[in-house]
Structures are given as C-alpha cells and as structure tokens.
Protein chains: 2
Amino acid sequence: MDISIDSCIAQLRRNTLKVTPRRLAVITMLLAERRYFSPYEVYERLLNTDCSSGLPSVYRILQEFSAIGLVTEIERSDRQQYYFLCKESSGAHHHHFICRICCRVEPIKKCFFDSVKKHIETELDAQVESHIFQLEGICASCRNH
Amino acid sequence: MDISIDSCIAQLRRNTLKVTPRRLAVITMLLAERRYFSPYEVYERLLNTDCSSGLPSVYRILQEFSAIGLVTEIERSDRQQYYFLCKESSGAHHHHFICRICCRVEPIKKCFFDSVKKHIETELDAQVESHIFQLEGICASCRNH
DNA sequence: CTTTAAATAGAAATCGTTTCTATTAAGAGA
DNA sequence: TCTCTTAATAGAAACGATTTCTATTTAAAG
Ligand SMILES: [Mn+2]
Ligand SMILES: [Mn+2]
Ligand SMILES: [Zn+2]
Ligand SMILES: [Zn+2]
C-alpha cells in the first residue's frame, strides 16, 4: 500500500511538527503527482488557494519535511533545490530516475552501494558514510509523446 | 602514466582555448593536489602570485575546463561549485570518493551503471542518458590523524 | 610586426535562498 | 471550552554565490 495523507500526518506528529493547513496543502500537492518540484513551483501552485504560503515559508516547510525524511532531495545540474515525495510506503533504501522533460520520478530498487562501499573501505582504508546515485533521462511517456 | 601540464595544454589547444598564464596557473594549482576546490579557493590561492585572476575569471576558467572535460564537477550538499582535476590519464568512465574532512578525492573504478541502465530501460521503457554516483566519507589519513 | 578575436579585470547586477521581527495559531493542559 | 505557551507564518530585507557587462589587454595567426 502507498503513502497517504494520513501516514504523512502521522509522520509530522511523530516528529512533533504541528499539523497546519499550509503543511497539509504542501503534502497534498506533492502527493498528487509523481514528480519533483522546486520550492518556487510549490509556492506558485498554492497561490490563490485558501492555503497559500509565502515563499520563505515554502522553503522552510520543504526543508523540515526533508529533515524528517518525508521528502527526498533531487539532484540537478543547476544546483538548485528540488523535492520529491516518494509514494513507496516501504522505507527501504533506494534511488531515483528522473525525466529531464517532465520531472517525473521513478524509484530504482537496484543499488550496489554495499558492494562498492566494502570495496572502497578495503582498498582505501576509508570510512564511507553516504552516497549519491541518481539516473536521468527521458521517461516512456515523453519519448512517445 | 599520469596527466601532466603538457597533456593539459594539449587539451586546451585541441579545444581551441588559448594557453594563457592564468589558465596555466589554475591547472598547475589543481595538478599539485589530489583534492577538489571551490572557485573561491582557487582564486584565493593565486592571489599575490604573478598570475592571479579576478574571481569572475576563475569561475569562467573552471567552467571552460569543465566543458572540455579537463576537470570534473564534485557534488556536495551545499549545492555549490567544486572542481577536481583527475590525474588518471585513462579517460575511462569512473566516479569518486571524497573525504568530507580534507576534500581528498579518490577514483572509484566500480560502476554498475550499465546493468542498472539496462534494467531501467527494460522495466520503464525510459531512455537513460546520464547518472551521478559519488561516495562521501572520511579518508584513511583523516581517520588516523 | 599587425591584426583580430579571445581572454581578463573589476564593478555591478542577478536571483535563489535565508534571516529577521512582528503576528498568528496549533494543541496541550486546565 | 478557554488559556497559555510555543511553534508556525508573513513579508520585508539581507545575503552571498554566481553571472553579466564593458572596457582593456593579450595570445597567436598570418
Ligand atoms: Mn544506494
Ligand atoms: Mn558510472
Ligand atoms: Zn517525462
Ligand atoms: Zn581526508
């Protein structure tokens, strides 16, 4: 089963973040699509609704969501902030494929981090703490449009 | 054998970039250490030498170097620009481990991109064009210091 | 040498992001 | 339901990494 608005609310409470209308509006918006957003896009979409937020508030809300693991940061070459709410309920470690045309995000189950980590730690005597792995390209829908 | 100042100069010429004292100074600086630098660090190190550059010039020089593949961009969570001149002469595809303490960079030969790419393209019917893979942690020297 | 387009300096602008302060509201407890 | 405390929010302002702009210099081709 997928992540729902209720499981998101529970996650807010678990982390002692108040359940406010603005936070719910952001979550609802993110849940509705399988794509990543910039803070400005979130801000823009909520404008002229009954639960719009100021741009600094959107930034703060998304950063808090990221801090508690509710949303994931997406890496792009423009080095700006992008966030994605992954609907996979299993919190299992995974990465993402993003479409450079439509911003769609697909989870990738395969990750070879453990094997590479072990290799590096043996060979370099280093301590590997984290990794980035992300694929980019064109999704099926954008290819055939 | 390793990348040398001469092979770098050849690479500039191949790409019709003029061989200027400032560019040579930047290359020499980058070649001297196995670590990545921010543009400001490069700027700072060249200050008060006979070949210092203005900060905007350092940005431009590094971007040009990146465009011709002479330097590699390093990804960090502060979303700022960092560059590394990889001394591996073989231009073979590889990734990097970076030390979060001393900024040291080590090449990682293992990359499972091809297998993941094939998997994704089959499963999602997407076209995978590029990927990021980078490890971060603490290098041997920083662990034992 | 001359010539020309590329490279550079330095000031200024840009713009994504963060900070600050006053105001509002969630939610715990009475 | 009402109070109270503290977190959340708005909006203006600041911030700072990066880029742009224009005048000046210089690499290197001929
Ligand atoms: Mn992984
Ligand atoms: Mn790879
Ligand atoms: Zn797409
Ligand atoms: Zn180190």
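Structure: see above.
These numbers were taken from a predicted model, which means no experiment stands behind them.

About the thresholds
Residues numbered from 1 in each chain as written. Chains lettered and ligands numbered in written order. Predicted model: local features only at pLDDT ≥ 70, side-chain atom pairs only at ≥ 80, totals over all residues. Heavy atoms only, no water. Contact = heavy atoms within 4.5 Å. Buried area = accessible area lost by both parts, 1.4 Å probe. Salt bridge = Lys/Arg side-chain N within 4 Å of Asp/Glu carboxyl O. Polar contact = N/O pair within 3.5 Å; in protein donor to acceptor, adjacent residues only side chain to side chain. Helix = DSSP H or I, 4+ residues; strand = E, 2+ residues; numbered from the N terminus. Disulfide = S-S within 2.5 Å. Pairing = 2+ DSSP bridges. Axes fitted to C-alpha atoms, helices over the stretch in contact; angles between N-to-C directions. Near = heavy atom within 4 Å. Nonpolar A, V, L, I, M, F, W, Y, C, P; charged D, E, K, R; others polar. Donors = N, O, S within 2.8 Å, 3.2 Å for Na, K, Ca; no water. Tetrahedral: all angles 85-135°; square planar, octahedral: opposite > 155°, others 65-115°. Buried < 20%, exposed > 50% of the residue type's maximum accessible area, 1.4 Å probe, protein only. Core = buried A, V, L, I, M, F, W, Y, C linked by side-chain atoms within 4.5 Å. Least-squares fit on C-alpha atoms with pLDDT ≥ 70 in both.

Caption draft 1: Fine view of the interface of chain B and chain A. Taken together, the 35 residues of chain B in the interface contact 35 residues of chain A. Overall, the association of chain B and chain A removes approximately 3,400 Å² of surface from exposure, summing both partners, and the carbon and sulfur fraction of that is 57%. Here chain B is connected to chain A by 4 salt bridges. Its salt-bridge partner being R100 of chain B, residue E129 of chain A comes within 2.5 Å of it at the nearest N-O pair. Along the contact surface separating chain B from chain A lie 14 residue pairs in polar contact (both at pLDDT 80 or more). Counting residues per element, the ones that place at least two in the side of chain B that touches chain A are β4 (105-108), α5 (113-124), β5 (127-138) and α6 (140-144) of chain B.

Caption draft 2: Examining the state of the cysteines more closely. Using the criterion set out here, one finds 0 disulfides over all chains in the structure. C86 of chain B forms no disulfide, and the closest cysteine sulfur to it belongs to C8 of chain B, at a distance of 11 Å.

Caption draft 3: Up close: the sheet that holds β4 of chain B. Strand order in the open sheet made by the 6 strands is β4(A)-β3(A)-β5(A)-β5(B)-β3(B)-β4(B), with mixed pairing throughout. Each having just a single partner strand, β4 (105-108) of chain A together with β4 of chain B make up the two edges of the open sheet. Each strand axis lies, on average, 25 degrees off the axis of its neighbour in the sheet, ignoring direction. Sheet analysis places strand β3 (residues 95-99) of chain B next to β4 of chain B, joined by 4 bridges and oriented antiparallel. Bridge pairing in β4 of chain B places H96 of chain B opposite P107 of chain B.

Caption draft 4: Layout of the protein's contact with DNA strand D. DNA strand D sits among 21 residues. The nearest are T20 and S57 of chain A together with V19, Y59 and Q63 of chain B. When the atoms of DNA strand D within 4 Å of the protein are sorted by group, sugar and phosphate make up 78%. Note that a phosphate oxygen of DNA strand D is positioned 3.0 Å from one of the side-chain N or O atoms of R22 of chain A. Contact between DNA strand D and Q63 of chain B: a phosphate oxygen at 2.4 Å from a side-chain N or O atom of the residue. The set of elements that each furnish at least two residues to the surface near DNA strand D consists of α2 (21-31) and α4 (55-67) of chain A together with α4 (55-67) of chain B. Broken down by element, the surface near DNA strand D gets its largest block of residues, 4 residues, from α4 of chain A. Here the surface near DNA strand D is composed, by residue class, of 7 nonpolar, 8 polar and 6 charged.

Caption draft 5: Representation of the coordination of the zinc ion (ligand 4) in the model. Residues and elements named next belong to chain B. All of the protein donors around the zinc ion (ligand 4) are C99 (SG), C102 (SG), C139 (SG) and C142 (SG); their distances to the metal are 2.2 to 2.4 Å. Given 4 donor atoms and angles of 104 to 116 degrees at the metal, the environment of the zinc ion (ligand 4) is assigned as tetrahedral. Sequence positions of the residues that donate to the zinc ion (ligand 4) give the spacing C-x2-C-x36-C-x2-C. Here C139 lies in the loop between β5 and α6 and C102 lies in the loop between β3 and β4, a separation of 37 residues in the sequence. Overall, C102 belongs to the partly exposed group, its relative accessible area being 29%.

Caption draft 6: Seen up close, the nonpolar core. Within the largest apolar cluster, 26 residues are counted, with the highest numbers of intra-cluster contacts made by F97, I120 and L135 of chain A together with F97, I120 and L135 of chain B. Contributing elements (two or more residues each) for this core: β3 (95-99), α5 (113-124) and β5 (127-138) of chain A together with β3, α5 and β5 of chain B. V42, V58, I61 and L62 of chain B belong to the second largest nonpolar core, which has 23 residues in total.

Caption draft 7: Local environment of the relation of the copies chain B and chain A. For the pair chain B and chain A, the relating rotation is 180 degrees, the translation along its axis is 0.0 Å, and the fit reaches an RMSD of 0.1 Å. What the superposition gives is, in effect, a two-fold axis relating one chain to the other. Proximity to the rotation axis, assessed at the C-alpha, singles out F133 of chain B in chain B; its C-alpha lies 2.2 Å from the axis. Looking at chain B, 100% of its interface residues are interface residues in chain A too, so the copies touch through the same face.

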